[in-house]
Amino acid sequence: MDWLGPSMFAGALVLLSLGYPVAFSLGGVAIVFGLIGVALNVFDPVLMTAMPQRIFGIMNNFTLLAIPYFIFMGAMLQKSGIAENLLETMGQVFGRVRGGLAIAVITVGALLAATTGVVAATVVTMGLISLPTMLRYGYNKDLSAGVIAASGTLGQIIPPSIVLVVLADQLGISVGDLFIGSIIPGLLMAGAFITHVVVIAMIRPDLVPPLPDELLAVKGLALLTKIVRVMIPPLLLILLVLGSIFFGVATPTEAGALGAAGATILALCNRQLSWSTLGEVCDRTLRTTSMVMFILIGSTAFSLVFRGLRGDQFIFNTLTQVPGGKAGFLLVSMLTIFVLGFFISFFEIAFIVVPLFAPIAEQLYGFGGLVWYGVIIGANMQTSFLTPPFGFALFYLRGVAPPEVTTGNIYRGVVPFILLQLVILLLIILFPALVNYLPSISN
Amino acid sequence: MNRLLTLSRWIDQINIGIGRLAGWLVLVMMGVGCWNVIGRYVGQAVGRNLSSNALIETQWYLFSVVFLLGAAYTLGVNGHVRVDVFQSRWRGRRKALANLVGTLLFLLPFSGLMLFFSWKWVVASWRIWETSPDPGGLPRYPIKSLILVSFVTLLLQGISEAIKNLAVLTGDRPAEPALSDRSNPTEGEP
């Protein structure tokens, strides 16, 4: 009955494509295959009585408790308009030079995504705010679409994203270490994107014109005040959150709680906080948290049955027989995640696939190598979400882009950014110190 | 069919109410979280413990309440992420059919069996008036019971969704407007 485990995995992928909410599809698949297992006398239903205890374990998991806080912080920055102001001011600062607007989008994307870690939210916000502006002032369509989709996905790997929180939990490593380890790779990505725009500005200046003078009405002291008032506070907030984790002052969960409160206070000081905004932020936090946690509950049921059918043993045996040792496993596991990233979202990968890979990764790279492995997973999925024709970020951008931007524009636009991400990914793989240096001095 | 739709509306209202209430608890949770951090540091400075096991447990109790009670509401407002590679191209009746099948095949059996596998475990906790093993901790039986409450609300919301989808199929309810969920910016997806 060895085939039942693997076929459960394949069955899940097929049934998920029915389009029913993932959390319950996974739970349902677990029930269906559990029953098949019972019928074939290879699955003991008593295993399922472990479920309430597992759910209880999820409830009092201190790491996962960080999730609602970071969602709240990101939602607050977006719904209160702080993020929008940041983008506008950045545009005025950088807009004077060729390519400046694109650089502003990348910078804000990295910052915003860092706090939300939710690609959809970032791509949609930036697509709605910056894409029309970029097009109006003569930016090339391909480039504009590419910049926005790419900056939106940056958030996977830039701390403090909830993606990293979940990954750390599933890999059994410290969230703080993963946050700190992904700082350099994240900055490298953002840096590579900016460099790309600068190079374009030099060789094809017509693609990235500067903004017209009349638009840059705010100058001198007025601009400086605006920078201090609009740009510095959110930057400071993010730095404080990261800094307190880096220097071990607070755990990521504690830093998240303070960050959420900080964002609220910021919105209050800017007079951008109303009761209805606050309600919306709470509502958004509730929905996203429920969604994530129930995917985890569904995955738990799935894993319980999968293990009961000895599917994990099958995967473990198959993967440890992959030729090429460390490099071979890395290639196979990353290709699997990359392809799965087309069809299922981050959380399903993190909750179902990553736990299967984690013990082998630990065996091959040692416990110390898991942070490095986690950052590679993050960077890999980020690339997957950007890759045509299935990348998630592309769908979101398509949904909010004006009609004159075609799907072809978006696909062509992301190609250079995918290549850049692959280069950085390769650098991280070849030079683990890029990941491991900061955690080593932080500890 | 009209009576069923009335039932569906009732269920929706109840779960929306629960969801709204749980939403505001997010704020309380933030407050308690901050108090626990600040309390730890200020407490160290003044030499008094300002936080407590009860407060630390309150934080994850609130977290649990938020997502356990929020799940059915989130289902009602279509906030649970889907793999809609195909569904985003489907419209009206076909979409309703896919959702009906999903509810009957996945959600209802899953919720039902989770209740079946959990209730003894919850009863066991009530029987001994189980409390936290840590000094000053909170009683455990209420929060454990919440798992049952959560799956009951999900079961109800599943029934409500099934009724609505059935009504679309029988023509008693207009099909949903042709909107691709995937480009719907309001729903959280990584």
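What you see is a predicted model, and the numbers here were worked out from it, not measured in a lab. Per chain, residues are indexed from 1 in the order of the written sequence. To label them, take the chains in the order written and letter them from A, then take the ligands in the order written and number them from 1. Side-chain atom pairs in this predicted model are given and counted only at pLDDT of 80 or more, local residue features only at pLDDT of at least 70, and totals for whole chains, interfaces and linings cover all residues. No hydrogens and no water enter the side-chain calculation; it runs on all heavy atoms of the structure.

## Some remarks on the overall build of chain B
At step 1: For the purposes of this entry, the term helix denotes a DSSP run of H or I that reaches at least four residues, the term strand denotes a run of E that reaches at least two, and both are numbered from the N terminus. Summing up its helical and strand segments, chain B has four helices and zero strands in all.
At step 2: For chain B, the α and β elements follow one another from N to C terminus as α-α-α-α.
At step 3: The quantity called the radius of gyration is restricted to C-alpha atoms. Its globule counterpart is 2.2 Å times the number of residues to the power 0.38. For chain B, whose C-alpha radius of gyration is 21 Å, the value lies well above the compact-globule estimate of 16 Å for 190 residues.
At step 4: Reported as C-alpha extents along the three principal axes, the dimensions of chain B are approximately 70 × 40 × 30 Å.
At step 5: Sorting the 190 residues of chain B into buried and exposed places 50% on the buried side.
At step 6: In this analysis, two residues are considered to be in contact whenever any of their non-hydrogen atoms come within 4.5 Å of each other. Expressed as a percentage of contacts within chain B between residues at least 6 apart in sequence, the contacts between residues at least 24 apart total 76%. For every residue, the accessible area (1.4 Å probe, protein chains only) is compared with the maximum for its type, and the residue is labelled buried under 20%, exposed over 50%, or partly exposed between those bounds.

## With respect to the overall build of chain A
At step 1: Helix and strand content of chain A: 21 helices and zero strands.
At step 2: Structurally, chain A occupies a C-alpha span of about 75 × 45 × 45 Å along its principal axes.
At step 3: Taking all 443 residues of chain A together, the buried fraction comes to 63%.
At step 4: Relative to all contacts within chain A whose residues are 6 or more apart in sequence, the contacts with residues 24 or more apart total 81%.
At step 5: All accessible areas in this document rest on Shrake-Rupley with a 1.4 Å probe, and a residue is counted as covered only by the protein chains that are shown. Accessible area for chain A stands at about 15500 Å²; split by element, carbon and sulfur atoms hold 69% of it.
At step 6: Considering chain A, the positive charge centre built from 18 side chains and the negative charge centre built from 17 side chains are found 8 Å apart. In this tally, Asp and Glu contribute negative charge and Lys and Arg positive charge; neither His nor the terminal groups of the chain are included. One atom stands in for each charge, and that atom is NZ of Lys, CZ of Arg, CG of Asp or CD of Glu.

## As for helix α15 (residues 311-320) of chain A
At step 1: Of all the residues in α15(A), the buried ones are A:Gly311, A:Ile315 and A:Leu319. Within α15(A), the buried residues cover an arc of 60 degrees as seen down the axis, which keeps them to one side. As used here, the arc is the angular range of directions from the helix axis to the C-beta atoms.

## Some remarks on the interface of chain A and chain B
At step 1: Each side of the interface is counted separately: chain A has 73 residues, and chain B has 65 residues.
At step 2: The term buried area means the drop in 1.4 Å probe accessible area that two parts suffer when joined, counted for both and summed. Taking both sides of the interface into account, the surface hidden between chain A and chain B amounts to around 6400 Å²; carbon and sulfur atoms contribute 76%.
At step 3: Looking only at chain A, the three residues that lose the most surface to chain B are A:Tyr20, A:Phe24 and A:Met59, adding up to 12% of its buried area.
At step 4: Between Lys or Arg on one side and Asp or Glu on the other, a salt bridge is scored when a side-chain nitrogen of the former is within 4 Å of a carboxyl oxygen of the latter. Where chain A packs against chain B, one counts one salt bridge.
At step 5: Between B:Arg40 and A:Glu254 there is a salt bridge; the shortest N-O distance is 2.8 Å.
At step 6: Two N or O atoms form a polar contact when they lie within 3.5 Å of each other; inside protein one atom must be a possible hydrogen donor and the other a possible acceptor, and for residues adjacent in sequence the pair counts only when both atoms belong to side chains. Here chain A and chain B share seven residue pairs in polar contact (both at pLDDT 80 or more) between them.
At step 7: No other element matches helix α14 (residues 275-308) of chain A, which puts 18 residues into the side of chain A that touches chain B.

## Quick notes on the pattern of salt bridges
Two side chains that carry opposite charge are able to pair once their charged atoms sit near each other.
At step 1: Going through the model one piece at a time under the given rule, you end up with 10 salt bridges over all chains.
At step 2: Of the charged contacts, one joins A:Arg412 and A:Asp142 as a salt bridge, the two residues approaching to 3.0 Å between their closest N and O atoms. In this pair, A:Arg412 is assigned in helix α20 (residues 407-430) and A:Asp142 in helix α8 (residues 141-153), connecting sequence segments 270 residues apart.
At step 3: Its relative accessible area of 19% is what places A:Asp142 among the buried residues.
At step 4: Linking A:Arg307 and A:Asp312 is a salt bridge whose minimum nitrogen-to-oxygen distance equals 3.6 Å.
At step 5: Look at A:Arg307 and you get partly exposed, because its relative accessible area is 42%.
At step 6: One connected set of salt bridges, linked through shared partners, spans B:Asp12, B:Glu161 and B:Lys164.

## A closer look at unusual backbone geometry
One can expect most non-glycine residues to show negative phi and most peptide bonds to be in trans.
At step 1: Phi is positive for A:Arg310, which is not a glycine, with a value near 60 degrees.
At step 2: With respect to the secondary-structure elements, A:Arg310 resides in the loop between α14 and α15.
At step 3: Although it is not a glycine, B:Asn78 adopts a positive phi angle of roughly 60 degrees.
At step 4: Mapped onto the fold, B:Asn78 is located in the loop between α2 (53-76) and α3 (92-127).
At step 5: Residue B:Asn78 is classed as partly exposed on the basis of its relative accessible area of 25%.

## A look at the side chain of A:Thr387
Residues and elements named next belong to chain A.
At step 1: Within the secondary structure, Thr 387 is located in the loop between α18 (370-386) and α19 (392-400).
At step 2: Under the relative-accessibility criterion, Thr 387 is labelled buried at 12%.
At step 3: Side-chain polar atoms of Thr 387 contact the backbone oxygen of Thr 383, separated by 2.7 Å.
At step 4: Setting aside chain neighbours within four positions, we find Thr 387 in contact with Phe 338, Phe 342, Leu 394 and Ile 418.

## Some thoughts on the nonpolar core
At step 1: Buried Ala, Val, Leu, Ile, Met, Phe, Trp, Tyr and Cys residues form a nonpolar core when they are joined through side-chain atoms within 4.5 Å. Within the largest apolar cluster, 205 residues are counted, with the highest numbers of intra-cluster contacts made by A:Phe294, A:Tyr373 and B:Phe151.
At step 2: Per-element tally for this core: the top contributor is α14(A), with 16 residues.

## Let's talk about the packing of aromatic side chains
Residues and elements named next belong to chain A.
At step 1: What counts as a ring pair is set by centres within 6.5 Å for rings of Phe, Tyr and Trp (its six-membered ring), and what kind of pair is set by the plane angle: stacked under 30 degrees, edge-to-face over 60, tilted for all other angles. For the coordinates displayed, the defined rule picks out 25 aromatic pairs over all chains.
At step 2: Between Phe 70 and Phe 179, the ring centres sit 6.0 Å apart and the planes meet at 70 degrees, which makes this aromatic pair edge-to-face. Of this pair, Phe 70 sits in helix α4 (residues 66-79) while Phe 179 sits in helix α10 (residues 175-181), and the two are 109 residues apart along the sequence. Each member of the pair, Phe 70 as well as Phe 179, is classed as buried.

## Let's talk about the side chain of B:Lys164
All names here are of chain B.
At step 1: If you trace the backbone, Lys 164 turns up in helix α4 (residues 141-170).
At step 2: For Lys 164, the side chain forms a polar contact with the side chain of Asp 12, separated by 2.8 Å.
At step 3: In this view, Lys 164 contacts Ser 8, Asp 12, Gln 157 and Arg 173; residues no more than four positions away in its chain are not counted.

## Remarks on the environment of A:Ala327
At step 1: Tracing the backbone shows A:Ala327 in helix α16 (residues 325-343).
At step 2: In this structure the C-alpha to C-alpha distance between A:Ala327 and A:Leu364, which are 37 residues apart in sequence, comes to 9.7 Å.

## What about the confidence of the model for chain B?
Residue and element names in this part refer to chain B.
At step 1: Counting all residues, the mean pLDDT for chain B is 86, and 91% of those residues have values of 70 or more.
At step 2: What pLDDT reports is the predictor's confidence in each residue, on a scale of 0 through 100. When the elements of chain B are averaged for pLDDT, helix α1 (residues 2-46) gives the smallest value, 91, and α4 the largest, 94.
At step 3: Model confidence for the complex: the whole-complex pTM is 0.85, and ipTM, which rates the interface, is 0.90.

## Some words on α4(B)
Given 3.6 residues per turn, any residue in an α-helix points the same way as the ones three and four places further on.
Residues and elements named next belong to chain B.
At step 1: To estimate how far a helix should extend, the number of its residues minus one is multiplied by 1.5 Å. Relative to the 44 Å expected for 30 residues at 1.5 Å per residue, α4 spans 44 Å between its end C-alpha atoms, a close match to the ideal helical length.
At step 2: Where burial is concerned, most of α4 is hidden: 21 out of the 30 residues are buried.
At step 3: Phi turns positive one or two residues past the end of α4, at Gly 171, with a value near 85 degrees.

## Points about the packing of α14(A) against helix α17 (residues 346-365) of chain A
Residue and element names in this part refer to chain A.
At step 1: Angles run from 0 to 180 degrees between N-to-C directions of axes, and those axes are lines fitted to C-alpha atoms, restricted for helices to the stretch in contact. Put simply, α14 and α17 touch, their axes get as near as 9 Å, and they point 30 degrees apart. For the element pair α14 / α17, the angle class is roughly parallel. Classified by chirality, the crossing of α17 by α14 is right-handed. Here α14 contributes Met 291, Val 292, Ile 295, Leu 296, Ser 299, Phe 302, Ser 303, Phe 306 and Arg 307 to the contact with α17, which in turn contributes Phe 347, Glu 348, Phe 351, Ile 352, Pro 355 and Leu 356. Throughout this description, any angle smaller than 35 degrees is read as roughly parallel, any larger than 145 degrees as roughly antiparallel, any in the 65 to 115 degree range as roughly perpendicular, and the remainder as oblique. Left-handed describes a crossing whose near helix is turned anticlockwise from the far helix through less than a right angle; right-handed describes the clockwise counterpart.

## What about a nonpolar patch on the surface?
Residue and element names in this part refer to chain B.
At step 1: A cluster of nonpolar residues, Met 1, Leu 4, Leu 7, Val 152, Leu 156, Ile 159 and Leu 166, forms a patch on the protein surface that exposes about 500 Å² of accessible area.
At step 2: Mapped onto the nonpolar patch, the elements with two or more residues apiece are α1 and α4.
At step 3: Relative to the helices and strands, Leu 7 resides in helix α1.
At step 4: What makes Leu 7 partly exposed here is its relative accessible area of 40%. Only residues above 30% relative accessible area that lack a salt bridge enter a patch, with like-charged residues linked at up to 9 Å and the nonpolar side chains Val, Leu, Ile, Met, Phe, Trp and Tyr linked at up to 5 Å.

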